[in-house]
Amino acid sequence: MFIDPGKLEVRLRDEFGGTMGQSRVVVREAVDLADAGRYEDDVGVPLTNEVVLDELADAPDGPPTDRWNWWIGSLEIAYGGYGQFGIRRYRNEE
């Protein structure tokens, strides 16, 4: 696996703020996306913590969930089939 969930969760909060619930749901979706292999097939590189963090840094300001949905929306427009990885609900834990 190219995603290290524990490290990604901490870095998401460090770099983009938000709640623990927000960072956790982004990590879950990132792991699902990496496991699906779709990103690597479409873009040609494996999905890693660094890729996720770099892409979310390009998104408009907001918590990790908003940034993730913005990026997933961009992938949906570019390649199609990414809507299932969008975040609709999560527990808002501190």
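Preceding this section is the structure that the text describes.
Residues numbered from 1 in each chain as written. Predicted model: local features only at pLDDT ≥ 70, side-chain atom pairs only at ≥ 80, totals over all residues. Heavy atoms only, no water.

Let us now look at the packing of helix α1 (residues 5–16) against helix α4 (residues 49–58). With their axes 10 Å apart at the nearest point, α1 and α4 run at an angle of 20 degrees to one another. Classed by the angle they form, the pair α1 and α4 counts as roughly parallel. The chirality of how α1 crosses α4 is right-handed. Counting all contacts with α1, which are made through K7, L8, R11, L12, E15 and F16, the residues of α4 involved are N49, E50, V52, L53, L56 and A57. (Axes fitted to C-alpha atoms, helices over the stretch in contact; angles between N-to-C directions. Helix = DSSP H or I, 4+ residues; strand = E, 2+ residues; numbered from the N terminus. Parallel < 35°, antiparallel > 145°, perpendicular 65-115°, else oblique. Left-handed = near helix turned anticlockwise from the far one by under 90°. Contact = heavy atoms within 4.5 Å.)

For the pair α4 and helix α5 (residues 64–79), interaxial distance at closest approach is 9 Å and the crossing angle is 90 degrees. Between α4 and α5, the interaxial angle falls into the category roughly perpendicular. From α4, V52, E55, L56, A57 and D58 reach across to α5, where they touch P64, R67, W68, W70 and W71. Classifying every residue of the contact of α4 with α5 by side-chain character gives seven nonpolar, no polar and three charged. (Nonpolar A, V, L, I, M, F, W, Y, C, P; charged D, E, K, R; others polar.)

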